[in-house]
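One letter stands for each residue in the lines below.
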Amino acid sequence: MSEPSESETHGVRHGLPELIAERRSKAQRLRADGHEVCPYSFPGVEPIAEVRAACEPLQEGEETDEMHRVAGRVSARRGAGKAAFIDLVDRTGKIQLHARYDVLGEKPFSQLSEVDLGDLIGIDGALMRARKAGEPTLRVQSFQLLGKALRPPPDKYAGLTDVETRHRNRELDLIANEEVRVAFMQRARIVAAVRAHLDGEGFIEVETPILQPLYGGALARPFTTHHNVLDRDLYLRIAPELYLKRLIVGGMERVYELGKDFRNEGISTKHNPEFTMVEWYEAYADYMDEAERLEGAVRAAAQSIGYEGRLDFAAPWRRITFVEAVQEATGVDLLAHQDAASLAKAIDERDLGLKTAGLSWPQLADELLSKHVEPTLTQPTFVLDYPVELSPFARAHRAKPRLAERWEAFAGGMEIANAFSELTDPDEQRTRFEAQHRLAADGDEETQPYDETFLQALEHGMPPTGGVGLGIDRLVMLLTDRSTIREVVLFPAMRT
RNA sequence: GGGCCGUUAGCUCAAUUGGCAGAGCAGGGGCCUCUUAAGCCCAAGGUUGCAGGUUCGAUUCCUGCACGGCCCA
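What counts as what
Residues numbered from 1 in each chain as written. Chains lettered and ligands numbered in written order. Predicted model: local features only at pLDDT ≥ 70, side-chain atom pairs only at ≥ 80, totals over all residues. Heavy atoms only, no water. Near = heavy atom within 4 Å. Polar contact = N/O pair within 3.5 Å; in protein donor to acceptor, adjacent residues only side chain to side chain. Helix = DSSP H or I, 4+ residues; strand = E, 2+ residues; numbered from the N terminus. Nonpolar A, V, L, I, M, F, W, Y, C, P; charged D, E, K, R; others polar. Buried < 20%, exposed > 50% of the residue type's maximum accessible area, 1.4 Å probe, protein only. Contact = heavy atoms within 4.5 Å. Expected span 1.5 Å × (residues − 1). Phe/Tyr/Trp six-rings, centres within 6.5 Å; stacked < 30°, edge-to-face > 60°. Lys NZ or Arg CZ within 6 Å of the ring centre and 35° of its normal. Axes fitted to C-alpha atoms, helices over the stretch in contact; angles between N-to-C directions. Parallel < 35°, antiparallel > 145°, perpendicular 65-115°, else oblique. Left-handed = near helix turned anticlockwise from the far one by under 90°. Pairing = 2+ DSSP bridges. Salt bridge = Lys/Arg side-chain N within 4 Å of Asp/Glu carboxyl O.

Focus on the protein's contact with RNA strand B
Neighbouring RNA strand B are 43 residues; Lys132, Ala133, Lys156, Glu164 and Arg486 lie closest to it. Sugar and phosphate atoms represent 65% of those atoms of RNA strand B found within 4 Å of the protein. Separating a sugar or linking oxygen of RNA strand B from a backbone N or O atom of Ala80 is a distance of 3.1 Å. Within the backbone of Arg131, one N or O atom sits 2.9 Å away from a base oxygen of RNA strand B. For the surface near RNA strand B, the secondary-structure elements that each account for two or more residues are helix 1 (15-32), strand 1 (63-79), strand 2 (83-90), strand 3 (93-100) and helix 5 (163-168). A total of five residues in the surface near RNA strand B trace back to one element, the largest contributor, which is helix 1. A class-by-class count of the residues in the surface near RNA strand B yields 15 nonpolar, ten polar and 18 charged.

A closer look at the environment of Arg402
Along the chain, Arg402 turns up in the loop between strand 13 (381-387) and strand 14 (403-411). Of the residues examined, Arg402 reaches a relative accessible area of 31% and is grouped as partly exposed. For the pair Arg402 and Glu389, spaced 13 residues apart in the sequence, the C-alpha separation amounts to 8.0 Å. Ignoring anything within four residues of it in the chain, the contact list for Arg402 reads Gln338, Trp361, Tyr386, Pro387, Val388 and Glu389. A distance of 2.6 Å separates a polar side-chain atom of Arg402 from the backbone oxygen of Gln338.

Observations regarding helix 9 (residues 287-304)
Relative to the 26 Å expected for 18 residues at 1.5 Å per residue, helix 9 spans 26 Å between its end C-alpha atoms, a close match to the ideal helical length. The opening residue of helix 9 is Asp286, an N-cap whose side-chain oxygen sits 3.0 Å from the backbone nitrogen of Met288. At the exit of helix 9 stands Gly306, carrying a positive phi of roughly 65 degrees.

Describing the packing of aromatic side chains
Scanning all chains against the criterion turns up eleven aromatic pairs. On the basis of an interplanar angle of 75 degrees and a centroid distance of 6.1 Å, the ring pair of Phe393 and Phe454 is categorised as edge-to-face. With Phe393 in the loop between strand 13 and strand 14 and Phe454 in helix 14 (residues 452-459), this residue pair connects regions lying 61 residues apart in the sequence. With relative accessibility at 0%, the residue Phe454 sits in the buried group. Cluster of aromatic residues (ring-pair linked, three or more members): Tyr307, Phe313, Trp317, Phe382 and Trp407. Sitting over the ring of Phe42, Arg69 keeps its end group 3.9 Å from the ring centre. We note Arg406 situated over the ring of Tyr386; from NZ or CZ to the ring centre the distance is 4.7 Å.

Topic: the packing of helix 7 (residues 178-200) against helix 9
At a closest axis distance of 8 Å, the pairing of helix 7 and helix 9 adopts a crossing angle of 140 degrees. Classed by the angle they form, the pair helix 7 and helix 9 counts as oblique. Between helix 7 and helix 9 the crossing geometry is right-handed. For the pair helix 7 and helix 9, the contacting residues are Arg189, Ile190, Ala193, Val194 and His197 in the first and Arg293, Gly296, Ala297, Ala300, Ala301 and Ser304 in the second.

Quick notes on the pairing of strand 1
Sheet analysis places strand 1 next to strand 4 (residues 120-129), joined by eight bridges and oriented antiparallel. Each residue of the ladder has a partner; that of Val70, found in strand 4, is Ile123. Looking at chain direction, strand 1 and strand 2 are connected through six bridges and run antiparallel. Looking at strand 2, one finds that Arg73 is bridged to Val89. Taken together, strand 1 and the strand that follows it, strand 2, pair antiparallel across an intervening segment of three residues, in which Gly81 is found at a positive phi of about 65 degrees.

Focus on the pairing of strand 8 (residues 224-227)
Here four bridges tie strand 8 to strand 9 (residues 232-236), and the two strands are oriented antiparallel to one another. In the strand pairing of strand 9, His226 is matched with Asp233. If you look at the hairpin formed by strand 8 and strand 9, you'll find four residues sitting between the two strands, and Asp231 has a positive phi there, around 50 degrees.

Quick word on unusual backbone geometry
In this chain, Ala315 is followed by Pro316 through a cis amide linkage whose omega measures -5 degrees. Mapped onto the elements, Pro316 comes out in the loop between helix 9 and strand 12 (318-321). Notably, Arg402 is not glycine yet its phi reads approximately 70 degrees, a positive angle. Phi at Asp481 is positive, roughly 55 degrees, even though this residue is not glycine. Relative accessible area serves as the criterion here: at 61%, Asp481 is assigned to the exposed category.

Some details on the sheet that holds strand 16 (residues 465-471)
With mixed pairing, eight strands are arranged side by side in an open sheet as 6-10-11-16-15-14-13-12. The outermost strands of the open sheet, each flanked by one partner alone, are strand 6 (204-205) and strand 12. Across six bridges, the pairing between strand 13 and strand 14 is antiparallel. Note on strand 14: the bridge partner recorded for Phe382 is Ala409. Here helix 9 sits on the sheet in contact with strand 10 (254-262), strand 11 (274-283), strand 12, strand 13, strand 14, strand 15 (414-421) and strand 16, set at roughly 15 degrees to strand 14.

A closer look at the pattern of salt bridges
Counted by the stated rule, this structure contains 39 salt bridges. In this structure, Arg293 engages Glu282 in a salt bridge whose closest nitrogen and oxygen atoms are separated by 2.5 Å. Of the two residues, Arg293 is situated in helix 9 and Glu282 in strand 11; the sequence distance between them amounts to eleven residues. Residue Arg398 is joined to Asp286 by a salt bridge in which the shortest nitrogen-to-oxygen separation is 2.9 Å. Here Arg398 is found in the loop between strand 13 and strand 14, whereas its partner Asp286 is found in the loop between strand 11 and helix 9, with 112 residues between them in sequence. Salt bridges linked by common partners bring Arg23, Lys26, Asp116, Asp119 and Lys148 together as one network.

Right under this line is the structure:
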């Protein structure tokens, strides 16, 4: 214990210290009475939802001798003299316990009466339905403390609403807010559905390095770390792309990886520094094949949680080209303005609220898309054929000069996926790396480092390949109707 | 990085023009054997985010900082 705080002056504790001391002394009293307060296990527990189901056939007020064992956290208690009602919550639901003096006897009844909100208990009880409301209930025959809550839980009715506390102390959020637990269970189902879908299409799940000597596969700044024994810096991956393509070279033909990527950039409602992505690559396919793959994967994810929201994920999703989308949203014809100065002039003339000074043609095009097109794309949409300069790993378009065979998929006004007909020509890839190197030399901090190992892999021969990256967090946001990534990441990044 | 808003008891929230910081829940002491936001009685619980400033007096006005939220970049 540290120095007594002012709240303990005059020998009386107040506030939180008082509440904790009170709970601690209750546990000590139980222990003194010979009650194990921290047992190693509690075998034979039934999910509360199953006990509730077993209660269905009973009439209101009907009592049985059918015994059930449940365990969970005490969420409410209502004393009534020599009886009490306790609400017990587990991961499947809530059930009412009826504690009676005449059933339990004096000592156990008084012990059970000292159980606090938030305590973890297990009980054996007889199935019944309460008389008035017909509430499914277990009449407690015996109970066991399974874990003492020394700190008070959030308010039993108002719950926990403070967003900061909810995100910093997710355990309290999960205790207080059932819908949060449901959302994260849905997230798990979505992830499982994406995996099952790809497995079913003949893809192999692989794991590639998260600690990489060179980062690549996306345009982003990396986190840097250091290997002590090797005495060299390593990067946390910004994408697994280059390793997965090497597996395609190796003949694995259909591979995917679902895991965390790390990007050293801002935190926002749509960005967490570490986030979950699934990338898949398949030989002999192009980007239009991959559009159908994405539709299938997202449909499977939506079905896995019975999604019935405002978004229509039925295939085929709308397909529109980058040039058409910008033209439609802003009136700017990208094809008619093929250099930065001309495009900047066209943008400025239309008063689109964009700063154009100093931006390159591809940067201007990207601004138009992200500011004027992306927010309008509510229903699932593929935007096709990006400027090649924005796509260092995508193959040049087979028919359209200056464009690449790349799409991004949008829904809910947000990018959820990105795909290419992968660039497989090692000489062309080398040229792209050199262009990135020049951008870096000009001060661009989000460029691709030159990766000779990757180039040599391509030089062994790579089949035509389609590849997709799908943001899992954003997909979960859409399917669970959450507006911020922090609501779908259990422990989001917070300032410390 | 910028703008706006917020931070009061364990939780959820009040507080008039700058004038003794209140309530519900939780917790404590009682009563109550079908309650379910149980109810009734009693007592208690505060460094008003942190540091300064103005003032006789600051939760309130001002400055800075920390953390968070929303919007913008």
